[in-house]
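# Residue-level structure breakdown
Residues per chain, in single letters:
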Amino acid sequence: MSDILCRWLNLELGLSKVVEPHSFTKDFANGYLLGEVLSKHQLQDDFQHFSKNSTANAKLNNFTRLEPTLQLLGVPFDLSMAKAVMQGQQGAATRLLYQLYVLLQKKKRSGLTGAAMESMQPPANARLHRVENHIYTQRLRTVVRREVDEKLQKITQRFDKKGQGAHGRSVMAELQQEEKRRHLQEERRLQDIQKLQQARRKQQEMMECIQTAGVQIPKPPVSRSLRAPRKRQQHEAQHVHQQIAQFEKNRKRLSPASCGPAALSVQVTRAVSEDEMAQWNSEYVQKIRQRLEEDASAREQREKRRRRALIQQLHAHHAHEELVREEQLIGRLMRQSQQETRIAVQLMQIRQQKEVLRQNRILQQRQYEEQRLLDFQKALDREATVLQQTRMEQQDELRKERELHARLAAERAQLKTQKHSSVCRGILEQIVDLATKSGEYRLLTANVIPPKLLREWKELYFSGEPLYDVAEVELGAEQEKLHILNQQDYDEYTNMKGEWAWPEEEGESKAPPPNNDILGHVVARLRDIVYPPSPGDPPPQFPVFTLRACVLGKPCSGKTTCLTRISQVHGIHILSADALIQEALQAHQAGHQALESDPSPDSEEKTESRGADEQTQEEAESSAAADSGAVSKDPQPADLPKKDSETKRSLRAQYGVAVEKALKRGGAVPDELLIDIFIHAIWQVPEGQGWILDGFPTNVSQARLVEKALTGTDPEQAVRNRRNKKPNLAEDRNAPKAPPPPSPALHLAVLLQVSDEQAVDRAVHQSQQAREENAAPADDSGDTPPTEHTQQSAPPAGERTHIQHRLAEFQEAWPKLEKWFGEKQKILAKVAAEVDEDALFSSVEAVLFNAMNAARTGSQDPPHAEDKQAESPEVQSKPSGSESGRSGGAAGQTTDSSLAAVEASSPTPGSAGWVYVDEPLPKEIPGYLAVYWDTVCSSYSSSVKAVMQNLRSERDLIIHHLYNIREDFQQYLQRPDLKQEFVSVWQRDYNSVPDNMRRDEETKTELHQRLDDLRERLWDICDKRKEEAWQKRAGVIEDGWLEDHTGLLINHYSTLMQVEVDRFQDTLLVLRDYYTGMYRSALPEAADFTCIPLLDIADDSGHQPDGSTVGRSPGPAPSERRTKSAGKKDTAEPEEKKKTKVVPLVGCRSPSADPSRLLQDIHHTALTAITNMASAEAQRLECEASEEQQVKRAHTDDAAATHSAKKKSAKKKGSPSPTKEVTPPPPLEETAEEVQRRTVRSRIRQEYSAALQHEEAAVRQRMELVRLHALATIQSVQHRAEHTHTDMKEWVDLRFSSEMKSIEQLAEVVKLHIESALRIPHELVLECTDFFIDGEMRVLSTPPPRPRPPPLEPTNDSTLTVLQLHGLHAQLRSIAPTGLVSSKELCELLQELTSLAMGSDALPEAWTNITDLQVQELVGVLVQDRGMVDWQQFLLSAAQPWPLPSQSRLLKTLKRFREMDPEARGVVTLDQYAQVELWFSSQRDAPVPEDPTEPLPYDRLANLKQFFFTLFADPDASPPVLDYLTMLLYLCCHPDPAQGFTSALSLVTQHKLQYTHPSPLLQSVLYMDGANEHEAEEEDDGVCDEGDGVSVDELLRVLNRGGPQVTSHHDKHTDTREDMKQDLVKVFKELGFDEEEKAPFSILSQHLFLQDLMEGSLQYLLADLHTVLQLQKSDGEPSVFTAS
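Residues numbered from 1 in each chain as written. Predicted model: local features only at pLDDT ≥ 70, side-chain atom pairs only at ≥ 80, totals over all residues. Heavy atoms only, no water.

## Comments concerning the overall build of the chain
- For the chain, the count of helices and strands is 58 helices and 14 strands.
- Within the chain, the proportion of its 1684 residues that are buried is 38%.
- Within the chain, contacts between residues at least 6 apart in sequence are counted, and of these 78% link residues at least 24 apart.
- Entry remark: accessible area of the chain is about 98300 Å², with carbon and sulfur atoms responsible for 53%. (Helix = DSSP H or I, 4+ residues; strand = E, 2+ residues; numbered from the N terminus. Buried < 20%, exposed > 50% of the residue type's maximum accessible area, 1.4 Å probe, protein only. Contact = heavy atoms within 4.5 Å. Areas by Shrake-Rupley, 256 points an atom, 1.4 Å probe, with all protein chains shown as cover.)

## Things to note about the pairing of strand E9 (residues 1330-1333)
- Bridging between strand E8 (residues 1324-1327) and E9 involves four bridges; their strand directions are antiparallel. Along E9, the bridge assignment pairs Val 1325 with Phe 1332.
- From the end of E8 to the start of E9, which pair antiparallel, there are two residues, and Cys 1328 there has a positive phi angle of about 55°. (Pairing = 2+ DSSP bridges.)

## Things to note about unusual backbone geometry
- Residues Phe 696 and Pro 697 are joined by a peptide bond in cis, for which omega reads 5°.
- Considering the arrangement of structural elements, one finds Pro 697 in the loop between strand E3 (691-694) and helix H23 (700-711).
- The phi dihedral of Ala 1317 falls on the positive side, at around 60°, and the residue is not glycine.
- On the secondary structure map, Ala 1317 appears in the loop between helix H41 (1232-1316) and E8.
- Notably, Ala 1464 is not glycine yet its phi reads approximately 55°, a positive angle.
- The topology assignment puts Ala 1464 in the loop between helix H47 (1447-1460) and strand E13 (1467-1469).
- Its relative accessible area of 64% is what places Ala 1464 among the exposed residues.

## With respect to the nonpolar core
- By size, the foremost hydrophobic cluster in this structure holds 87 residues, and its most contacted members are Leu 1436, Phe 1508 and Leu 1624.
- Other than its neighbours up to four places away in sequence, Leu 1624 contacts Val 1592, Leu 1595, Leu 1596, Leu 1599, Phe 1649, Leu 1650 and Leu 1653.
- Residues Ile 925, Tyr 1074, Val 1266 and Ala 1281 belong to the second largest nonpolar core, which totals 74 residues. (Core = buried A, V, L, I, M, F, W, Y, C linked by side-chain atoms within 4.5 Å.)

## Observations concerning the pattern of salt bridges
- Enumeration according to the criterion identifies 49 salt bridges in this entry.
- Between Asp 934 and Arg 527 there is a salt bridge whose closest N-O contact spans 2.7 Å. Taken as a pair, Asp 934 in helix H33 (residues 924-973) and Arg 527 in helix H16 (residues 517-530) lie far apart in primary sequence, 407 residues in all.
- With a relative accessible area of 15%, Asp 934 lands in the buried category.
- In this structure Arg 527 comes out as partly exposed when scored by relative accessible area, which is 22%.
- With its nearest N and O atoms 2.7 Å apart, the salt bridge here joins Asp 1287 to Arg 966. One end of the pair, Asp 1287, is in helix H41; the other, Arg 966, is in helix H33, and 321 residues separate them in sequence. As far as burial versus exposure is concerned, Asp 1287 and Arg 966 are alike and both buried.
- Among the ionic contacts, a cluster of salt bridges with common partners joins Lys 452, Glu 456, Asp 489, Arg 952, Arg 955 and Asp 956. (Salt bridge = Lys/Arg side-chain N within 4 Å of Asp/Glu carboxyl O.)

## As for the environment of Tyr 963
- Locating Tyr 963 in the fold gives a position in helix H33.
- Note on Tyr 963: relative accessible area 6%, which makes it buried.
- Once the C-alpha coordinates of Tyr 963 and Leu 443 are considered, the two residues, 520 residues apart in sequence, prove to be 8.4 Å apart.

## Examining a nonpolar patch on the surface
- Residues Trp 280, Tyr 284, Val 285, Ile 288 and Leu 292 make up a contiguous nonpolar surface patch of roughly 490 Å² in combined accessible area.
- Relative to the elements of secondary structure, Val 285 occurs in helix H12 (residues 274-333).
- On the accessibility criterion, Val 285 (37% relative accessible area) is partly exposed. (Patch = residues over 30% accessible without salt bridge, like charges linked within 9 Å, V, L, I, M, F, W, Y side chains within 5 Å.)

## Let's talk about the sheet that holds strand E4 (residues 748-753)
- One open sheet holds the five strands; their spatial order is E2-E3-E1-E4-E5, and the pairing between them is parallel. Two strands bound the open sheet, and with one partner strand each, they are strand E2 (573-576) and strand E5 (828-832). Adjacent strand axes in the sheet meet at a mean angle of 25° when their direction is disregarded.
- Bridging between E4 and E5 involves five bridges; their strand directions are parallel. Within E5, the position partnered with Ala 749 by the bridge is Leu 828.
- The strands touched by helix H28 (residues 803-824) are strand E1 (548-553), E4 and E5; relative to E5, the strand with the most contacts, the crossing angle is about 130°. (Axes fitted to C-alpha atoms, helices over the stretch in contact; angles between N-to-C directions.)

## Quick notes on H41
- Taking 1.5 Å of rise per residue, 85 residues should cover 126 Å, and H41 covers 125 Å from first to last C-alpha, within 8% of that figure.
- Where H41 ends, the next residue or the one after it, Ala 1317, has phi of about 60°, a positive value. (Expected span 1.5 Å × (residues − 1).)

## Quick word on a negative patch on the surface
- Judged by side-chain charge, Asp 1013, Glu 1016, Asp 1020, Asp 1023 and Glu 1027 come together as a negatively charged surface patch.
- Within the fold, Glu 1016 resides in helix H35 (residues 1001-1037).
- Its relative accessible area of 40% is what places Glu 1016 among the partly exposed residues. (Lys, Arg positive; Asp, Glu negative; His and termini not counted. Charge placed at Lys NZ, Arg CZ, Asp CG, Glu CD.)

## Here's the deal with a positive patch on the surface
- A surface patch of like charges, here positive, comprises Arg 299, Arg 302, Lys 304, Arg 305 and Arg 308.
- A relative accessible area of 47% means that Arg 308 is categorised as partly exposed.

## Section: the confidence of the model for the chain
- Confidence in the prediction for the chain averages 75 pLDDT; 75% of positions are at 70 or higher.
- Throughout residues 860-905 the model reports pLDDT below 50, and contacts reaching past four residues in sequence, or to other chains, amount to 40 contacts.
- Considering only residues more than four positions removed or in separate chains, one finds that residues 1676-1684, a stretch of pLDDT under 50, has 15 contacts. (pLDDT = per-residue confidence, 0-100.)

## A closer look at helix H46 (residues 1431-1438)
- Among the eight residues in H46, eight count as buried, and that is most of the element.
- Here H46 has its buried residues at Trp 1431, Gln 1432, Gln 1433, Phe 1434, Leu 1435, Leu 1436, Ser 1437 and Ala 1438.

## Considering the side chain of Asp 27
- By the element assignment, Asp 27 lies in helix H2 (residues 24-27).
- With relative accessibility at 7%, the residue Asp 27 sits in the buried group.
- Within the structure, Asp 27 has its side chain in polar contact with the side chain of Lys 17 (distance 2.8 Å).
- Polar side-chain contacts of Asp 27 include one of 2.7 Å to the side chain of Ser 23.
- What Asp 27 contacts, discounting residues up to four positions off in sequence, is Lys 17, Val 18, Val 19, Glu 20 and Leu 33. (Polar contact = N/O pair within 3.5 Å; in protein donor to acceptor, adjacent residues only side chain to side chain.)

## As for the packing of aromatic side chains
- The final tally for this structure, using the stated rule, is 24 aromatic pairs.
- For the ring pair Trp 280 and Tyr 284, a centre distance of 5.9 Å and an interplane angle of 10° mean the geometry is stacked. Residue Trp 280 and its partner Tyr 284 are both found in helix H12; the two are separated by four residues, about one turn of the helix.
- For the pair Tyr 1074 and Tyr 1075, a centre-to-centre distance of 4.9 Å together with 80° between the ring planes defines the contact as edge-to-face.
- Relative accessible area serves as the criterion here: at 0%, Tyr 1074 is assigned to the buried category. (Phe/Tyr/Trp six-rings, centres within 6.5 Å; stacked < 30°, edge-to-face > 60°.)

As structure tokens, this is what we get:
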């Protein structure tokens, strides 16, 4: 299947790239070839937008465009398939291609096209596919990672590796410190044990001495008489104990408790003691007492219950007896007669009846009263219920309005939050992109970001454009980004700033060429002739109004109420949109007709056309413009006819017709129509009064229309003019300046501020009040209220139903209105409206009065602004300079008086006093030249921008290519080898040797021979790999990439030179045709356009620049010019075609093709062409002047001949006369016209020559700048490439040396086992450049030992003695054995020492009185980067004063040390060190005390020498040894770090070097301070000898003396030796030296990086701590002391 697909793709389709079966995954991953396949079958119409890149944006663009086409074909293509193809999953691209192959073959057999397939698709499926495509596009954006994210991950991985390495190094350092700590603890434990043993030994010896010295007295024997009684007493005591035990046992057995379970427990326990027995007895007695108490309480309770029962029985007996007595009494009473009983019953019945009647009457009256009360209460309840219901409805309505407002406010807040979140997210993404760009550039180049790139990124960041390339689907953003960068580069190039500033190396910087005033005048005159400025419409002449204002605010903010009261009180006219529209509708409904509406016949037509044209937007805009213009031309109130009221009504009725038509269509009233209605109402306001717009304008577009209608000027016209301004290469300084913007049309704009909640409450309240007022007349009388009353009392419907939408519209439109009235026109005044009506009226009244007073004051200032505007055209029309000529050029009239004035004063052409020659021109020349010049300007701008864009692309390509070369070569060096296999086989063979044979000498010899063979074999592998690496590097160097891209750069700059030459030639043609056309009808023929040669890049045709496409093709313009002038159209076009095809090419691959020389030749060719064109024009002007002189002489000769002929004829006719003297012929008298014409031609030639010379000088300066910039760019590219090649060489050497070192370490380990006759139990591993044992333990060198402390001397003022220095040295070494201590720890140590030094010798007295702030300032003198301090350097500074060495003395001292070290080990012992004489001599004659614990007697120099040994010697060596070169490097410290660095470098190179400060002021200050006394002595010794120069390794040796980080102007922290080495190699490459070469120090010291490195080398700074202490002591405050 793969072979079939390959034949189909390669043979049938013929793709742009040959596809192989094994490369399907890689070739089709970006989707470009898939688009090409579909394009071959005419299915992918947008294939030109596909990208060949493999970036994330390119994949996103390609696969987004592929999905609709694949869905149309029926290919099952979804997000998972696209993801699989993009990620290169095995078989995904093959399956997709096979499906595509099958479907395309079917489509080919059916003969359907893409359009036919789309038309055959059902509409439902088409809609479904569009929805799926949208979902697919959105999900694909989430799946495909951004390019910035991928690069950010790459940068993060790099720094993660660095962090892991730093963490590993820190862990190893911690392990080493822990091991040292354990070692110190073990040493201290052993010392304590030794001290304890010595103390015990001494104590034992003392006891022995005491025993030997003392008299021993014998001990008396024990008497036998005392022993017998003691034995007897013991026997009796035992007998008594036994008897007691027997008694206790018997007592327990016979006790009553022995019968219970306790007895059993007692039997098995030990004998009870007396205390336990007493305790048990007491518990038993307590239990008995408790039982007795319980029995007594029980008896009392039983007695109480018995008594209670007896009492209850007694009460029951009494009750029974009472009942019996009552029964007996009833029985006696019942014995009466029955007659009495009946009479009593009747009487009782009658009484009861009477009582019932009386109660019935009372009940009936009570029921009547209750009924009346109930009815009254029901009425009250009914009214209360209705009122309550009304209140609830009101509250419910208010609640609903508030809830609606809260919901809408929450939605607006959410939308605003989302908008702000999106803006913040975009800003954060741009910040991340900017940081990623910076990190990417540092990753690619390891250099500081150039200012040019920073300016580009900053411009894109401020413009909101993406820094990385966007997908092709967002092509507009990419085009805008290119436009911004191109415009920035174009501005820098034309203004000669930024990257295109004049180089400082070329001497004095040059400013950009000045403007060519003559050319600017010519272009301005041509444009005025071709495009004459149209006279603007005069501004509308409104009556003088005392107040022009508008009051704005939210709905229900009190605008109408307040303005109504103001109108009633002060008579100011209030113009409301609703009222005016209602009046217009009422006028239309009343049937008024326009009889005499407008004096102009266009008024009725305008109104009718407005109503007809409102159907489309474009026609509405045109009608609005006509209406606004017509409104401004309405007649003044004084000019109206007598039937004024009738006219107003009829015009208002016409507006009502238009309003009714707009409302019937269901839309709002157009803004233009509203403006016309307002303007008409303003015309009706009497003069001398004021008017206020109520709630109008509602948006900024209406505000602009109001401004335009009242002032007659368009506020946005200036913005449109700036946006549509064409490029112009020459400006006219004498052109009339634009008039200043007019004052605002309104005097004041008032905003009534009220909260949304208050506006909603007011709207609801007004709605309820309106309903109550409408309901009140209905309740009083059943008649319907009149219509007028209903319309006046009921609020508008919008106030009740659309209050929320109106609030939303106001809040949306107000920010723009606030910016318009507040920031632009500055007439806005804000008034708080959440007050009562009186307070609001007072506030608005005060604001309006202030505005009226200000307007009245401004109107009284003479002259009026309208008068100035009216007079401005007349003033500008007066003849002055270029304006007079420009206005009168078309007429062609030049007066003699002006020529006389010109001849009297002869200013320089183009100066302020020069009067330009403005003779009349033929009609066709201005039109042709104006268009031609516009073409020249646009072509020049586009060509320069195209070249700048190509230069940027080439810069990015070079950076990425060099980075890819470095990365590929590093990966190539890390490829695996076979060394470990040979080592494993050799170790297995070695371990197979029997143990009894290992001690044999022959066996050892054989094993050594095998080891040598293994080593030779490993060396061969290393040599072979090194040779392959050299071949790889040579292949990279010789691939021709550098030559090709250098040629491309030269072609780009050649194109830029071609653009400059074309501009000069086009300018020459314009000037020549312009000035020639003034006095000659036929224009001269145009010369051939000059083509600057380009470099022929045969191997890289894809990148070969085309001069005809990048620069402006010079063919069409000259062809057009000759067609206009000479009429040779047919012959000119073929010649021009030939000219555009011929482009000279120069080879760039020849060995002698030096880029600088080629560029110089191209520059010389361009300058030669310019010189030839200028000289040809000069010769032509001279020829014209000579021709005029010849014509004048010919006229003179003709006149003389005519005069002599006349005389001869007179002699023949007349009588002979005596001979007379021959009179000369009368001079030829020239007419005034001829004199004027000759003077004008002379001035034309003078003006033309001056303009041409100006252009020639300008183009020469620009071309010189292009040449210098091209040279700098090409040299930079070459230096970068050479630096990359040097790094590759360094990597090869470093890897080879590391591999050889690991082999040597392996050999040393094996030799040790061979000599010891032992097996190698651990596995030996050679991994890359490292040697491991068992794969985990890496073989490293043993660290050096620690030094011993020397004796010290007493203190003296603020100077530390050697003993105190030694104490500080011990303290610092204990807290920071590595030599670097943080500033915080050092401050804490010094504070502790100063606080505990009172009464001790730890520090001098001057140090004990300093405060904590002074300690921090003292430490801050030597604080290096990251807050670390080299305490050895700190002790050197604290040990002052000691003599500072010169370079010659340092070299002599080094020579003496090397003489003392014959084996060249680089170290000396203490004895050898003592024999070496330093640059200062010690007091050797001073007596040395015999006691070694005492300090040396005041021999400070000798003690300092000893302290230097202790300070810099290895403390762990036995005996201590000193690396004298490291010590001398430390002692090179100097108050000036640059001098210290120079001394250290001279010490390493063993040659005297000299460094001069770039700043003479700093150098003078150093000499004033006396810091360079040793340099003066050095100058006496002789002239400095730099020797062969300085190498990279020597610089690294100087920089890595103490290991601190160094900061340069490039803001780069070099953490490792490799990073610093790379930077130094780059510096060497930039200066033209290889890595292995030595560069002269005088050249190196002039490099910015080296200067920054030397002046910032804090490890060679010797700070004067004593001066700091003295300043602190004298001032009493911490002084500012810096060491930079």
